[in-house]
Amino acid sequence: MNPIKKGACRLVQHAFHIAMPFLPYHDPVCFSSLEEARPLFRTWENKTVLVVTDPFLAKTPMIALLIDTLFIENVSCVLYDKTQANPKVDDVEAALELYHQYNCSAIIALGGGSSIDCAKAIGARAAFPNKPLSKLKGLLKVYKSIPPLVAIPTTAGTGSEVTLAAVITDEKTHHKYTINSFTLIPKYAILDAEFTRTLPPSLSATTGMDALCHAVEAYIGHSNTKKTRQYAKEAVRLIVQNIERVYEDGNDMEARSNMLHASFLAGKAFTRAYVGYIHAIAHALGGQYNIPHGLANAIIMPYMLEAYGQAVHKPLHELAICAGLSTPLESDALGAEKFIQAIRSLNAMMNIPCEIKQIQEKDIPTMAKHASKEANPLYPVPVLMDQGELEAMFYRLKNLEVRQKELIQKYVFSTYRSHPSI
């Protein structure tokens, strides 16, 4: 990236960092179970709510339990159960039609990040009935309050129950974009590890690595604070200590509870300190090939952390120490190497691949353009990269070695290691 563009990016990021204490961040009111949330539902007596979930969860006892709880409190509900992984614009519009048809006054999202993101986007459209989602993408476009939103996560990974972002895919253009507004932070969250009990091992793995990515990107970025560093370090510690346990035994409820808490902490960290190029690339891959977000983050993470080089050695060493992977006596470089290797080892143990075979060379320039547009200038990454440098990362993920070497020579990834202040 040229010096002028770098300077402009850092100026924007610095301005947001200064403004952070004055921005209207808030955490949802949290309940530990549906039973504990019943007084809330009681205030909605004789009203109708929209329940947003996916086809799989719609067939589980979880939905029945939610509907029964609402019925006891005289709350009617209408179910939208067609949310897809990487929720689409059509999902949002179809659910919005139900919301208006049945005169709903609140939204409950039960599911992973996809269902919660879909529900947030429905709320945004309800607040702005005359604006398509494409006009609400970006930063602070949803400035009106959305209907009351309750998030019930069934995965321990996205942290969507505490974030201000909704990620939506336009299936016509294969463009995955974010809607970022404080009004999208759910008003309430029900954090009950029992709702994650039936999560299969593969999803326990990828959603858990998603949470790890949130914590890591928040910690190594330039907009972290004392609080976000605390959130991120505790999240990393909990994930490293518990993710293998939930992968191997889904009924280990102590580990499930720890992972759910870690996801919540990581969400608090990155919604205030932002993410980085790992997420930008993952969003581009999700939009183009419908690759699950947590899976993409898990694969990309070690490659991008290596590409940042010396700029992240110190913070990664600090994370390695808090996770019990390194000691303060070791060098920052060694501690960082151990941390990155631990990510690779976790991926391998949980059968997460080390490359993304779906990548087509013809799609790389477009995906790199989308990733660059999403990340620059907002994401306070340790090392700034332009579209060409991000292209090289896509080749690396595809393992197209010849082309990758050409781009690496052109953009010189090794310079990042010798210029940590870039």
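Anything mentioned here points back to the structure above.
Notes on the structure in this doc start here. Predicted model only: the values in this text are computed from it and were never measured.

Let us look at helix H6 (residues 201-220). It helps to recall that an α-helix has 3.6 residues per turn; residues three or four apart then point in one direction. The end-to-end C-alpha distance of H6, which contains 20 residues, comes to 28 Å, matching closely the 28 Å that a straight helix rising 1.5 Å per residue would cover. Of all the 20 residues making up H6, 17 are buried; the element is thus mostly covered by neighbouring parts of the structure.

Time to look at the sheet that holds strand E8 (residues 175-180). Within the open sheet, the 3 strands sit side by side as E5-E8-E7. Their pairing is mixed. Looking at the sheet topology across the chains shown, the edges are occupied by strand E5 (138-139) and strand E7 (165-170).

With respect to the helices and strands, Ser 181 occurs in the loop between E8 and strand E9 (188-190). Look at Ser 181 and you get buried, because its relative accessible area is 1%. Within polar-contact distance, the side chain of Ser 181 engages the backbone nitrogen of Lys 141 at 3.3 Å. With near-sequence residues (within four places) excluded, Ser 181 lies in contact with Leu 140, Lys 141, Val 142 and Leu 164.

All right, on to the state of the cysteines then. Tallied over the entire structure, the rule returns 0 disulfides. Left unpaired, Cys 9 is separated from the closest cysteine sulfur, that of Cys 213, by 20 Å. Note on Cys 354: no disulfide assigned, nearest cysteine sulfur contributed by Cys 213 at a separation of 17 Å.

This structure, assessed with the given rule, holds 17 salt bridges. Asp 27 is paired through a salt bridge with Lys 268; the nearest N and O atoms lie 3.2 Å apart. Taken as a pair, Asp 27 in the loop between helix H1 (3-19) and strand E1 (29-31) and Lys 268 in helix H8 (residues 253-273) lie far apart in primary sequence, 241 residues in all. For Asp 27, a relative accessible area of 32% puts it in the partly exposed group.

On to the environment of His 293, then. Mapped onto the secondary structure, His 293 falls in helix H10 (residues 293-308). Filtering out sequence-adjacent residues up to four positions away, His 293 remains in contact with Asn 86, Lys 176, Asp 210, His 279, Ala 282 and His 283.

With a probe scaled to a water molecule rolled over the atoms, the places where space remains empty come into view. Its boundaries defined by the atoms lining it, the second largest pocket holds a volume of some 350 Å³. For the lining of the second largest pocket, the secondary structure elements donating two or more residues are E5, E8 and helix H13 (364-375). Take the lining of the second largest pocket: its biggest share by element is 5 residues, from E8. Split into classes, the residues belonging to the lining of the second largest pocket amount to 5 nonpolar, 6 polar and 4 charged.

Moving on: empty space enclosed by the protein. Taken as a whole and judged by the stated rule, the model has 2 cavities of 30 Å³ or more. By volume, the largest cavity is sized at about 50 Å³. Contributing to the lining of the largest cavity are Ala 156, Thr 196, Leu 199, Ser 204, Thr 207, Gly 208, Val 246, Arg 256 and Met 259. Listed by contribution, the elements that provide at least two residues to the lining of the largest cavity are H6 and H8.

Rules used throughout
Residues numbered from 1 in each chain as written. Predicted model: local features only at pLDDT ≥ 70, side-chain atom pairs only at ≥ 80, totals over all residues. Heavy atoms only, no water. Helix = DSSP H or I, 4+ residues; strand = E, 2+ residues; numbered from the N terminus. Expected span 1.5 Å × (residues − 1). Buried < 20%, exposed > 50% of the residue type's maximum accessible area, 1.4 Å probe, protein only. Pairing = 2+ DSSP bridges. Polar contact = N/O pair within 3.5 Å; in protein donor to acceptor, adjacent residues only side chain to side chain. Contact = heavy atoms within 4.5 Å. Disulfide = S-S within 2.5 Å. Salt bridge = Lys/Arg side-chain N within 4 Å of Asp/Glu carboxyl O. 1 Å grid on protein atoms, 1.4 Å probe; cavity = no way out; pocket = protein on both sides within 12 Å on 5 of 7 lines; lining within 4 Å. Points joined across faces, edges and corners; volume = space filled by probe spheres on them. Nonpolar A, V, L, I, M, F, W, Y, C, P; charged D, E, K, R; others polar.

The values are spatial; any link to function lies outside them.
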